[in-house]
Amino acid sequence: MNVTTLMAELERRHPGESEYLQAVREVLESIEETYNLHPEFEKAKIIERMVEPDRIITFRVTWVDDRGEIRTNLDYRIQFNSAIGPYKGGIRFHKAVNTSMLKFLGFEQTFKNALTTLPMGGAKGGSDFDPVGKSDAEIMRFCQAFMLELWNNIGPDTDVPAGDVGVGGREIGYLYGMYKKLAREYNTGVLTGKGMTWGGSLIRPEATGYGALYFVQHMLDRAGRSLKGSTVAISGFGNVAWGAAKKATELGAKVIAISGPDGVIHNPNGMNDEKIAYMLTLRASNQNIVAPFAERFDDATFIPGKKAWSIKCDIALPCAFQNELGEEDAKELLANGTWCVAEVSNMGCTPEAIATLQGAGILFAPGKAVNAGGVATSGLEMTQNAMHISWSAAEVDEKLHYIMHSIHEACVKYGKQEDGYINYVKGANIAGFMKVAQAMLEQGIV
Ligand code: 2IT
């Protein structure tokens, strides 16, 4: 494989799909050396096949808003790779959703799911529906109209969607209600992130954030550091940020910042139960602003227009959106003494930011390893659904611990450089790639 040639071809075929091209380039660059040691991969054109989704389902969703106006959205399900299991991955509702964004996410998901140790292929879906400012009734009507189109393409052994940005427990409930009505079957395992009374798994709501903190714990242990007494800056305030803030606080760290598109909350005294619970209230308001946090809690200050990375911290956890931490942010973090950055959002850092952080020799780990606890626990939800039982929170949490530990081990195994530095990006990409490639090789040319 030659990265330059492959990328030139992809840019020609998919002009302007910047997020997708960025995600593919990162993986190609880190696996090139290993790939070229395996002539059987080259012969079977594994990488040429792996970078393209198996199929993209595109559909129009039309619905009626509260004022009686007719609205139309553009919607997709991208079934990326099913070498190691049924398609699996979240659904994103965000005004900027397009094929580039969902292809990057589906590509990343394929590697991430391979890292979890569970049998899940990669997929992603979504809509350019913007939940900001929508009423609960509008969200329900949109979810129902979305499922009316999608239902025939998914199933517990075919493709299992879940939540992502803009899609949480509420939306999964509305989606499932309509699915069940159309399919005339109680296929519990067709979606994950379900409610606890109808097939959901304990710990799934917390799992992305919890898993991320378990991964960070392993990174820190290896580096002789500890979360206890460390300061943590978190971007976002949604489901992922909430789980991360909760576990970081429980493990003795001080969460001194959360943020939104409107600015950052400086929270010098850290979180408590009330503050953490309030993050959920903010998300459920559909306003997508974090400022009310500072009105509610006297010891917190709102700084408009600033990112979480402007607050001095030991550990930075991007938990919001792709490319939310750029080169200038990386420099600002380094100047403030940050010694660990772990992406909890998918592709949270730009390639320039990653190069800056790794160049400075600080701990850095990519989203596909750090945030894999979310989809891993979705996999555990599928297992429970298939067995028609539910495990205790302790049982799920123990399995999540085991999975995050094994992902960390895989990153160290494939990412350890001669100078001892762990390149977690390389480690995660090679470990994920090897598993999918092996499966594709054994399944022939399809
Ligand atoms: O990015 C992700 O891993 C998710 N949004 C979770 C996907 C899932 O199927 O649980």
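Cut-offs applied
- Each chain has its residues counted from 1, running along the sequence as written.
- Only residues with pLDDT of at least 70 are given local features in this predicted model, and only at 80 or more are side-chain atom pairs given and counted; all residues enter the totals for whole chains, interfaces and linings.
- Calculation of side-chain values draws on the structure's entire complement of heavy atoms; hydrogens and water are dropped beforehand.
- Elements are defined by DSSP. Helices are runs of H or I of four residues or more, strands are runs of E of two residues or more, and each kind is numbered from the N terminus.
- With C-alpha atoms as the basis for the radius of gyration, the globule rule is written as 2.2 Å multiplied by the number of residues raised to the power 0.38.
- We call a residue buried when its accessible area falls under 20% of the maximum for its residue type, exposed when it is over 50%, and partly exposed in between, using a 1.4 Å probe and counting protein chains only.
- We call two residues in contact when some of their heavy atoms are within 4.5 Å.
- Method for areas: the Shrake-Rupley scheme with a 1.4 Å probe, in which residue coverage is limited to the protein chains shown.
- Note on charges: Lys and Arg go in the positive column, Asp and Glu in the negative column, and His and the chain ends are not counted at all.
- Lysine's charge is taken at NZ, arginine's at CZ, aspartate's at CG and glutamate's at CD.
- Polar contact is defined as a pair of N or O atoms within 3.5 Å, subject to the rule that within protein one atom must be able to donate a hydrogen and the other to accept it, and that residues adjacent in sequence are counted only when both atoms are side-chain atoms.
- As used in this record, nonpolar core signifies buried Ala, Val, Leu, Ile, Met, Phe, Trp, Tyr and Cys residues forming a set joined through side-chain atoms within 4.5 Å.
- By convention in this text, a residue qualifies as near a molecule or strand provided that one of its non-hydrogen atoms is within 4 Å of it.
- Nonpolar residues are Ala, Val, Leu, Ile, Met, Phe, Trp, Tyr, Cys and Pro. Charged residues are Asp, Glu, Lys and Arg, and all others, Gly as well, are polar.
- The criterion for strand pairing is that DSSP finds at least two bridges linking the strands in question.
- Only the stretch in contact is used when a helix axis is fitted, and all axes are lines through C-alpha atoms; the angle between N-to-C directions ranges over 0 to 180 degrees.
- The directions from the helix axis to the C-beta atoms are what the arc is built from.
- Throughout, disulfides are identified as pairs of cysteine sulfur atoms within 2.5 Å of each other.
- What counts as a ring pair is set by centres within 6.5 Å for rings of Phe, Tyr and Trp (its six-membered ring), and what kind of pair is set by the plane angle: stacked under 30 degrees, edge-to-face over 60, tilted for all other angles.

Enquirer: What am I meant to see in the overall build of the chain here?
Expert: Of regular secondary structure, the chain possesses 17 helices and twelve strands. On C-alpha atoms alone, the chain measures out to a radius of gyration of 21 Å, which is about the 22 Å that the 2.2 N^0.38 rule sets for 446 residues. With respect to the principal axes defined by its C-alpha atoms, the chain has extents near 60 × 60 × 45 Å. A buried classification covers 58% of the 446 residues belonging to the chain. When contacts within the chain are restricted to residue pairs at least 6 apart in sequence, long-range pairs at least 24 apart make up 72% of them. Total accessible area computed for the chain in this model is approximately 17,600 Å², and 52% of it derives from carbon and sulfur atoms. Mean positive and mean negative side-chain charge positions of the chain (44 and 53 charges, respectively) differ by 3 Å.

Enquirer: Would you mind going over the side chain of K103 with me for this structure?
Expert: Tracing the sequence through the fold places K103 in helix α5 (residues 99–115). Here K103 falls in the buried class, since its relative accessible area comes to 3%. At 3.1 Å, the side chain of K103 forms a polar contact with the side chain of H14. Apart from residues no more than four positions distant in its own chain, K103 is found in contact with H14, E17, Y20, P53, I56, I78 and F80.

Enquirer: What exactly am I supposed to notice about the nonpolar core here?
Expert: It is characteristic of soluble globular proteins that their nonpolar side chains tend to be buried jointly. By size, the foremost hydrophobic cluster in this structure holds 65 residues, and its most contacted members are F215, I234, I258, F293 and L317. Counting residues per element, this core draws most heavily on helix α8 (residues 204–222), which supplies nine residues. With 40 residues, the next largest nonpolar core counts Y20, L21, L102 and F111 among its residues.

Enquirer: Got a minute to help me understand the site of the ligand in this structure?
Expert: Around the ligand lies a shell of 13 residues, among which K88, K112, K124, D164 and S378 are the nearest. Measuring from a nitrogen atom of the ligand, one finds a side-chain N or O atom of D164 at 2.9 Å. Between the ligand and N346 there is a distance of 3.0 Å, counted from an oxygen atom to a side-chain nitrogen or oxygen. Listed by contribution, the elements that provide at least two residues to the shell around the ligand are β3 (87–93), α5 and α15 (372–387). For the shell around the ligand, the leading source of residues is β3, giving three residues. Residue composition of the shell around the ligand, by class: two nonpolar, six polar and five charged.

Enquirer: Sorry, what's going on with the sheet that holds strand β2 (residues 70–81) here?
Expert: Adjacent strands of a sheet pair through backbone hydrogen bonds, lying either parallel or antiparallel. Reading across the sheet, the five strands line up as β1-β2-β4-β3-β5 and stay open at both edges, with mixed pairing between neighbours. Of all the strands in the sheet, just β1 (55–64) and β5 (159–162) have a single pairing partner and so form its edges. Sheet twist, expressed as the mean angle between neighbouring strand axes with direction ignored, is 20°. When β3 meets β5, the two strands line up parallel, connected through four bridges. In the sheet register, G90 faces β5, and the bridge partner there is A162.

Enquirer: Looking at this structure, how should I read the sheet that holds strand β8 (residues 263–266)?
Expert: The seven strands lie next to each other as β9-β8-β7-β6-β10-β11-β12, forming an open sheet whose pairing is mixed. Taken across any chain shown, the strands that pair with only one partner, and hence form the sheet edges, are β9 (301–304) and β12 (363–365). Neighbour-to-neighbour, the strand axes of this sheet turn through a mean angle of 15°, independent of strand direction. Pairing of strand β7 (residues 254–260) with β8 involves four bridges; the strand directions are antiparallel. Each residue of the ladder has a partner; that of A257, found in β8, is H266.

Enquirer: When you look at helix α13 (residues 351–359) in this model, what are you seeing that I'm missing?
Expert: Because each turn of an α-helix spans 3.6 residues, side chains separated by three or four positions end up pointing in the same direction. All of the buried residues along α13 are A353, I354, T356 and L357. One side of α13 holds all its buried residues, which, seen down the axis, span an arc of 160°. On its buried side, α13 packs onto α2 (18–35), α12 (327–335), β11 (340–342), β12 and α17 (424–442). One or two steps after α13, the chain reaches G361, where phi turns positive at roughly 75°.

Enquirer: Just to check I follow, could you spell out the state of the cysteines for this structure?
Expert: Note on terminology: disulfide describes a covalent bond linking the sulfur atoms of two cysteines. In the structure shown here, the tally under the stated rule is zero disulfides. Between C349, a free cysteine, and C340, which holds the nearest cysteine sulfur, the sulfur-to-sulfur gap is 11 Å. On the basis of relative accessibility, which here comes to 1%, the residue C349 falls in the buried class.

Enquirer: In this structure, what is going on with the environment of L74? I would like to understand it.
Expert: Tracing the backbone shows L74 in strand β2. According to the relative accessible area criterion, L74 is partly exposed, its value standing at 45%. Beyond its immediate chain neighbours, meaning those up to four positions away, L74 contacts F59, G126, S127 and D128.

Enquirer: Looking at this model, I keep getting lost on the packing of aromatic side chains. Mind explaining?
Expert: The relation between two aromatic rings is expressed through the spacing of the ring centres and the mutual angle of the planes. For the structure shown, the criterion picks out 21 aromatic pairs. Ring centres of F59 and F146 lie 5.3 Å apart, and the angle between their planes is 55°; this geometry places the pair in the tilted category. Taken together, the residues F59 in strand β1 and F146 in helix α6 (residues 136–150) connect sequence positions 87 residues apart. For the pair formed by F59 and F146, the shared burial category is buried. Chaining the aromatic ring pairs together yields one cluster made of F59, W63, F93, F129, F142 and F146.

Enquirer: Would you mind going over the environment of Y174 with me for this structure?
Expert: If you trace the backbone, Y174 turns up in helix α7 (residues 169–183). Filtering out sequence-adjacent residues up to four positions away, Y174 remains in contact with D136, I139, M140, C143 and Q144. A polar atom in the side chain of Y174 sits 2.6 Å from the side chain of D136.

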